Amino acid sequence: MEITYQPYYTDPEFQSLIERIHPPRVCIDNDACQDCTLVKMISVSSMGLFLFDDSGPKAKLERFRIPSIDMAFSQVDSANKHGILLEMVQVLTDLDLVISKSYISSDGGWLMDGQCVYPPSYIYNMTFFYTNSYDAWVAVFHVTDQLGNKVTDETLIVYIQQALSDSRRRGGGIPKELQACLKQEVKPCHVSTEYTAIEMTGRDRPGLISEISAALYELRCHVTAAVVWTHNARVACIIHIEDGLKGGPIMVPKRLAQVHEKLESVVDAHHGSGECRSVRLTAPAAGRTHTERRLHQLMYANRDYEQCQGCDGSCRQWNGCTKTHVTIEACREKGYSVVNLRCRDRTKLLFDTVCALTDMHYVVFHAAISSKGTMADQEYFIRRQDGCSLNTQNERQELAQCLIAAIERRVSDGLRLELCTQNKMGLLSDLTRVFRENGLSITRAEIGTHGEKATGSFYVTDASGDEANLRTVELVRQEIGGSDLMVYKSPSGTSRASSSSISRTSSGEVEERVKFSLGNLWSQLERFSENLGFTKS
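Residues numbered from 1 in each chain as written. Predicted model: local features only at pLDDT ≥ 70, side-chain atom pairs only at ≥ 80, totals over all residues. Heavy atoms only, no water.

### So, the overall build of the protein chain
Right, so step 1: On a plain count of helices and strands, the protein chain comes out with twelve helices and 21 strands.
Right, so step 2: Burial statistics for the protein chain: of 537 residues in total, 55% are counted as buried.
Right, so step 3: Taking all contacts inside the protein chain whose residues are at least 6 apart in sequence as the whole, residues at least 24 apart take part in 75%.
Right, so step 4: Total accessible area computed for the protein chain in this model is approximately 24000 Å², and 48% of it derives from carbon and sulfur atoms. (Helix = DSSP H or I, 4+ residues; strand = E, 2+ residues; numbered from the N terminus. Buried < 20%, exposed > 50% of the residue type's maximum accessible area, 1.4 Å probe, protein only. Contact = heavy atoms within 4.5 Å. Areas by Shrake-Rupley, 256 points an atom, 1.4 Å probe, with all protein chains shown as cover.)

### What about the pattern of salt bridges?
Right, so step 1: Under the criterion given, the structure shown has 22 salt bridges.
Right, so step 2: Put simply, R384 and D386 hold a salt bridge, and the shortest N to O gap is 2.9 Å.
Right, so step 3: The exposure class assigned to D386 is partly exposed, which follows from its relative accessible area of 43%.
Right, so step 4: Put simply, E395 and R384 hold a salt bridge, and the shortest N to O gap is 2.7 Å. Placement of the pair is E395 in helix α9 (residues 393–408) and R384 in strand β17 (residues 375–384), with a sequence separation of eleven residues.
Right, so step 5: Via salt bridges that share partners, E292, R346, K348, D352 and R410 belong to a single interconnected network. (Salt bridge = Lys/Arg side-chain N within 4 Å of Asp/Glu carboxyl O.)

### Here we look at the sheet that holds strand β20 (residues 453–462)
Right, so step 1: Sheet architecture is open: eight strands sit in the order β13-β10-β12-β11-β19-β20-β18-β21, paired in antiparallel fashion. Bordering the open sheet on either side are β13 (278–282) and β21 (485–489), each of which pairs with just one other strand. Mean inter-strand twist for the sheet, computed between neighbouring axes without regard to direction, equals 20 degrees.
Right, so step 2: Taken together, the ten bridges between strand β11 (residues 221–231) and strand β12 (residues 234–243) define a ladder with antiparallel strand orientation. The residue of β12 that forms the bridge with A225 is H240.
Right, so step 3: This element, helix α5 (residues 208–218), spans β10 (196–203), β11 and β12 of the sheet and lies at about 20 degrees to β12. (Pairing = 2+ DSSP bridges. Axes fitted to C-alpha atoms, helices over the stretch in contact; angles between N-to-C directions.)

### Quick word on the packing of aromatic side chains
Right, so step 1: Throughout the structure, instances matching the rule amount to four aromatic pairs.
Right, so step 2: Aromatic side chains Y336 and F381 sit 5.9 Å apart centroid to centroid with 80 degrees between the ring planes, which places their arrangement in the edge-to-face category. Of this pair, Y336 sits in strand β15 (residues 336–344) while F381 is found in strand β17, placing the two residues 45 residues apart along the sequence.
Right, so step 3: Accessibility expressed as a relative area gives 1% for F381, which makes it buried.
Right, so step 4: Residues F435 and F458 carry aromatic rings whose centres are separated by 5.3 Å and whose planes lie at 70 degrees to one another, so their mutual orientation is edge-to-face. One end of the pair, F435, is in helix α10 (residues 427–437); the other, F458, is in strand β20, with 23 residues separating them in the sequence. Accessibility classification places F435 together with F458 in one group, the buried group. (Phe/Tyr/Trp six-rings, centres within 6.5 Å; stacked < 30°, edge-to-face > 60°.)

### So, the pairing of β11
Right, so step 1: Most of β11 is tucked away: eleven of the eleven residues are buried.
Right, so step 2: Once β11 ends, the chain turns through two residues before running back antiparallel as β12, passing N232 with a positive phi of about 50 degrees.
Right, so step 3: The pairing of β11 with strand β19 (residues 440–450) spans five bridges and is classified as antiparallel. Following the sheet pairing, A225 is matched in β19 by G448.

### Brief notes about unusual backbone geometry
Right, so step 1: The residue R220 is not glycine, and still its phi comes out positive at about 60 degrees.
Right, so step 2: Looking at the secondary structure, you find R220 in the loop between α5 and β11.
Right, so step 3: In this structure R220 comes out as partly exposed when scored by relative accessible area, which is 33%.
Right, so step 4: Positive phi outside glycine occurs at K348, with the angle close to 65 degrees.
Right, so step 5: Along the polypeptide, K348 turns up in the loop between β15 and α8 (349–359).

### Examining the packing of α5 against helix α6 (residues 253–268)
Right, so step 1: As a packed pair, α5 and α6 sit with axes 10 Å apart at the nearest point and diverge in direction by 155 degrees. With respect to each other, α5 and α6 are oriented roughly antiparallel. Helix-helix and strand crossings are classified by hand; for α5 and α6 the assignment is right-handed. The residues of α6 that touch α5, namely those facing L208, E211, I212, A215, L216 and E218, are V259, K262, L263 and V266.
Right, so step 2: Broken down by class, the residue content of the contact of α5 with α6 amounts to seven nonpolar, no polar and three charged. (Parallel < 35°, antiparallel > 145°, perpendicular 65-115°, else oblique. Left-handed = near helix turned anticlockwise from the far one by under 90°. Nonpolar A, V, L, I, M, F, W, Y, C, P; charged D, E, K, R; others polar.)

### What to know about helix α7 (residues 291–301)
Because each turn of an α-helix spans 3.6 residues, side chains separated by three or four positions in sequence point in the same direction.
Right, so step 1: The set of residues buried in α7 consists of T291, E292, L295, H296, L298 and M299. Within α7, the buried residues cover an arc of 165 degrees as seen down the axis, which keeps them to one side.
Right, so step 2: Buried-residue contacts for α7 involve β10, β11, β12, α8, α9 and β19.
Right, so step 3: Following α7 by one or two positions, R303 adopts a phi angle in the positive range, close to 60 degrees. (Arc of directions from axis to C-beta.)

### Some details on the pairing of strand β14 (residues 325–331)
Right, so step 1: Where burial is concerned, most of β14 is hidden: five out of the seven residues are buried.
Right, so step 2: Here β14 runs beside β15; their pairing, made up of seven bridges, is antiparallel. When the sheet's bridge partners are listed, T327 is paired in β15 with N340.
Right, so step 3: Counting the residues that bridge the hairpin from β14 to β15 gives four residues, and of these G335 lies at a positive phi of roughly 75 degrees.

### Examining the confidence of the model for the protein chain
Atom-level detail of predicted coordinates should not be read off regions where pLDDT is low.
Right, so step 1: Looking at the protein chain as a whole, the pLDDT averages 75, with 66% of positions reaching at least 70.
Right, so step 2: Least confident of the elements in the protein chain is strand β6 (residues 111–112), whose mean pLDDT is 30; most confident is α5, at 96.
Right, so step 3: Contacts from residues 1–5, a stretch scored under 50 in pLDDT, to residues over four places away or in other chains number nine contacts.
Right, so step 4: Scored below 50 in pLDDT, residues 493–537 shows 147 contacts in the model against residues more than four places distant or in partner chains. (pLDDT = per-residue confidence, 0-100.)

### Looking at the nonpolar core
Right, so step 1: Ranked by size, the top nonpolar core spans 57 residues in total, and within it F141, I160, V339, Y380, I382 and L399 carry the most contacts.
Right, so step 2: Apart from the residues lying within four places of it in its own chain, the contact partners of L399 are I328, V339, L357, M360, Y362, I382 and L390. (Core = buried A, V, L, I, M, F, W, Y, C linked by side-chain atoms within 4.5 Å.)

### Here we look at the side chain of N302
Right, so step 1: Relative to the assigned elements, N302 resides in the loop between α7 and β14.
Right, so step 2: Sequence-distant contacts of N302, defined by excluding residues within four places in its chain, comprise T201, G202, R234, V235 and C276.

Now the structure itself:
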């Protein structure tokens, strides 16, 4: 008999009241690990819970109502569980922090069918468990800065605590008053919420970005920020523009219609019948979707995942292969689908995979992220938002393809060109024209303006997708300005640090993956517990 999970109903107004009474708390621990900072968050329901102390699993149990005392607990309701993991990862990545390892657990699964399944001891000085009628969410992130150092700045620590807590109450938005305590602006690179935004998707082709930027220049639109992704012959970009004559966002409907019509004609010029493409203009808004998440959504809508294929298993899965592996198995007795991923470790890997799961309307109940050598392992226990697991092969195949696509979109081959030059009207048009005239194709780009300066990066290949000729690149540098453009070889998606994990073995060997079974879920997590210890804040 197949058991289907059915989430219980909780009045959202009641849960909102509980959140106000017991505001979310986050613990920042610099003592538990020698080489990283632990960011810990525990969220439990307001119904009640069981506690036992460190005297062992047979200690006397005591049930109590959650009192108004200073504990590292916060309340998260079941209806809002979807997206909480992405919100936390987004806050940390927007601070330019590297998430090197992570453990996540939720659901009332620590007391299953009347049998105690003890959670790992790192959760708190006192370990707790609870029944299926209660709801909880636990997360531990290992983080460092980009240089591999711990987070020791007190101002930054306070910001993280407040931002993660407010992220739950405000639906992921970070209020400006929280940013006042930091010297840096907290948001994705090269993003503006003060200007008109253009979202464009379509088939990728050489010179497309050059034609789009030239069209904007003709319309006297000044590009203040732009982010471009390409993948599987598809392109998605978000461009922020202002009125090149008057400054500020373009708000006149007739002018917006003119810009929209011009860009549509550029995008439609080389598209075949029935091919997906879109052009959309949006007014300035503080609540805009995170730019990189929005790019994932645009690429997904453009169906860039359809040609994605991971390793076919011929290499003996998990055994040293550098291709992306995705397996999806059923845990029927508890109603989970279990997703295992293995791929090259790189920056923002965790953010990208969680984006895919969240936007496909899957809820992550448990997860463990780690790595060996240059490879990253991710394991997720998921259900659909309606409480069901993945029942058909088509569902599993689509999820696997979308996860592979999310991993591949940010992997940029070719040469990286770093730009720092004087900001001026038509700068992006001039840059991309020079690339196009010299036979260079843009595979990914980010550019933004900061006062009188414009900074950004371009990843370029030749027109056929192969590595660009260095002599050609040098000619481009000289034409643009040798001191304004620096050339770096792309690491092909690998990096020193990753948003998924950097817990390396000294030998760098890749260990054989142990096949999943529900019985060893907590035993796997307990093996990590000796390096973790929740401290009272």
